[in-house]
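# Residue-level structural notes
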Amino acid sequence: MLRMESKTGWWLITHPDHARLAGDFAAAWGNRQFRRPEPRARVLKGISRHDDGWASRDAHPTVTREGKPSAFSTELVGKYSAFEEIDLEEYLAVRDSAVRIIAEDDPYAGLLISMHTHNLLTAHADRSNMVPDGLVILDAFLNRQEEYQRKLLVDIAGDASLSPNESSYQTITEHFHLLQACDNLSLLTCIAYSSPAHLLHPLPLNNGGTAEVKVTSMAPRHFRLAPWPFAEPETSFTFPARHVKGKLFPSSEAFAGAFNAAPVEHLTVLLSA
C-alpha cells in the first residue's frame, strides 16, 4: 500500500488503485509539445495495471515493527528499501506475478512492467540492508526478468499489429519512461509529497527531442508541472482511498480490521501548468 499521514491517522491507497491513477495520468498525457503514447491501448494497459499483482497482498495489510501501516511513504522517496521487513522470496514472487499476469495476455504491456520492475530493483533499490543470501536471490530474480524481457521482445517483433516504429526498442524505452513518470507522479500524489521532485526520465517531445518534467508542490495534492505535458492548462484526477484513525496499531490483525472497516472515499489531485 501507500500511506499518507493525516492529523488523526492515515490515508491508505492500494497498489492497484495507485497504478490506475498513473494510468489516468498517461491517458491524459500529450499536447503540442509532448508526444502521446502509441500503441495507445497497450501502453495504457501496462501503466494502469502495473501493480495488479499486489491486489492479494494489499487485501491482507500489515504493520511495521513500530506499529505503523506497512506501506510506501514520504521517507522512501528516492530509494527503495522495501526489503527490511518482508520475506524477500514472497515479495519477488509478487513482483514476478505483476509482470506475468499482464505479459501472458499482452507482451507489450508486460514488457513495460518488467522493465519498470527491473529498474526499481536496480537503480532505486537500497541493497545495503540485505544479507548475502538475499542478494543472491535478488540477482537471480533480476537475471530471470532479463531473460523474460528477451522473450517478450521476440514476441513483440513478430506481432503484425504493431508498426516497425511501435515495436522498436527506442519506442518501447520511451513508453517505459512514461510508465516511470506517471508512476512517480502517482506516488507523489498518494503520499502528498511536498518537496521539489521530477518525473525521473527525459520524456519524448513531438519535435524528436526530450524534456525533463519538474514537479513543485503548491499545496497537499496540488502540483505544478513544468514543462506542462497535458492538453488543458489545469486538470484534476480522483482516486480511491481509505482513512484509518490512529497512528500506531498493536498488531497487523488490528490494523487490517480498521482498514477493512473503513469506507472507500475519493480524494482529488489538482495539476497545474
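How each quantity is defined
Residues numbered from 1 in each chain as written. Predicted model: local features only at pLDDT ≥ 70, side-chain atom pairs only at ≥ 80, totals over all residues. Heavy atoms only, no water. Helix = DSSP H or I, 4+ residues; strand = E, 2+ residues; numbered from the N terminus. Rg over C-alpha atoms; globule rule 2.2 N^0.38 Å. Areas by Shrake-Rupley, 256 points an atom, 1.4 Å probe, with all protein chains shown as cover. Lys, Arg positive; Asp, Glu negative; His and termini not counted. Charge placed at Lys NZ, Arg CZ, Asp CG, Glu CD. Buried < 20%, exposed > 50% of the residue type's maximum accessible area, 1.4 Å probe, protein only. Pairing = 2+ DSSP bridges. Contact = heavy atoms within 4.5 Å. Axes fitted to C-alpha atoms, helices over the stretch in contact; angles between N-to-C directions. Phe/Tyr/Trp six-rings, centres within 6.5 Å; stacked < 30°, edge-to-face > 60°. Lys NZ or Arg CZ within 6 Å of the ring centre and 35° of its normal. Core = buried A, V, L, I, M, F, W, Y, C linked by side-chain atoms within 4.5 Å. Polar contact = N/O pair within 3.5 Å; in protein donor to acceptor, adjacent residues only side chain to side chain.

Along the backbone of the protein there are eight helices and nine strands. Against the 2.2 N^0.38 benchmark of 19 Å for 273 residues, the protein shows a C-alpha radius of gyration of 19 Å, consistent with a compact globule. In the form shown here, the protein has an accessible surface area of approximately 12,500 Å², with 52% of it arising from carbon and sulfur atoms. For the protein, the distance from the average site of its 26 positive side-chain charges to the average site of its 33 negative ones is 5 Å.

The side chains of a regular strand alternate between the sheet's two faces. Most of strand 2 (residues 9–13) sits out of view: five of its five residues are buried. Summarising the sheet, strand 1 (residues 2–5) and strand 2 pair through four bridges and their orientation is antiparallel. By the bridge assignment, Arg3 is partnered in strand 2 with Leu12. The antiparallel hairpin formed by strand 1 and strand 2 contains three residues in its connecting segment. Relative to strand 8 (residues 234–245), strand 2 is paired through four bridges, and the arrangement is antiparallel. When the bridges of strand 8 are listed, Trp10 appears paired with Val244.

Strand order across the open sheet formed by seven strands is 1-2-8-9-7-6-3, with mixed pairing between neighbours. Two strands close off the open sheet at either side, each with one partner strand: strand 1 and strand 3 (197–198). Helix-sheet contacts for helix 1 (residues 15–28) involve strand 1, strand 2, strand 8 and strand 9 (264–272), and the interaxial angle to strand 8 is about 175 degrees. In this fold helix 8 (residues 252–261) packs onto strand 2 and strand 8, with an angle of close to 130 degrees to the strand it touches most, strand 8.

Each aromatic ring pair is characterised by the separation of its centres together with the angle its planes make. This structure, assessed with the given rule, holds eight aromatic pairs. Relative to Phe237, the ring of Phe230 has its centre 6.3 Å away and its plane inclined at 55 degrees; by these criteria the two rings are tilted. For the pair Phe230 and Phe237, one class covers both residues: buried. Ring-pair connections join several aromatic residues into one group, and the members of that group are Phe25, Trp29, Phe34, Trp228, Phe230 and Phe237. Here the basic side chain of Arg3 rests over the ring of Trp10, its NZ or CZ set 4.9 Å away from the ring centre. Between the NZ or CZ atom of Arg242 and the centre of the ring of Phe259, over which it lies, the distance is 4.7 Å.

Turning our eyes to something else, we now look at the pairing of strand 9. As defined by bridge partners, strand 7 (residues 222–226) adjoins strand 9 across three bridges and the pair is classed as parallel. If you follow Arg224 over to strand 9, its bridge partner there is Ser272. Sheet topology note: the strand 8/strand 9 ladder contains nine bridges and is antiparallel. Directly across from Phe237, in strand 9, lies its bridge partner Val269.

Grouped together as the largest cluster of nonpolar side chains are 56 residues, with contacts concentrated most on Trp29, Leu199, Leu225 and Leu271. Discounting chain neighbours no more than four positions away, the residues touching Leu271 are Phe25, Leu185, Phe223, Leu225, Trp228, Phe230, Pro233, Glu234, Thr235 and Phe237. Leu88, Leu120, Leu121 and Phe141 belong to the second largest nonpolar core, which has eleven residues in total.

What follows covers unusual backbone geometry. The amide bond that connects Glu38 to the next residue, Pro39, takes the cis arrangement and shows omega of 10 degrees. The residue Pro39 is located in the loop between helix 1 and helix 2 (40–48) in this model. For the bond running from Ala226 to Pro227, omega is -5 degrees, close enough to zero to count as cis. Summarising the element assignment, Pro227 is placed in the loop between strand 7 and strand 8.

If you trace the backbone, Asp96 turns up in helix 4 (residues 88–103). Asp96 gets classed as partly exposed once you look at its relative accessible area, which sits at 22%. Along the chain, Asp96 and Thr117 lie 21 residues apart, while their C-alpha atoms are 8.5 Å from each other. Reaching out from Asp96, the side chain makes a polar contact with the side chain of Gln145 at a distance of 3.1 Å.

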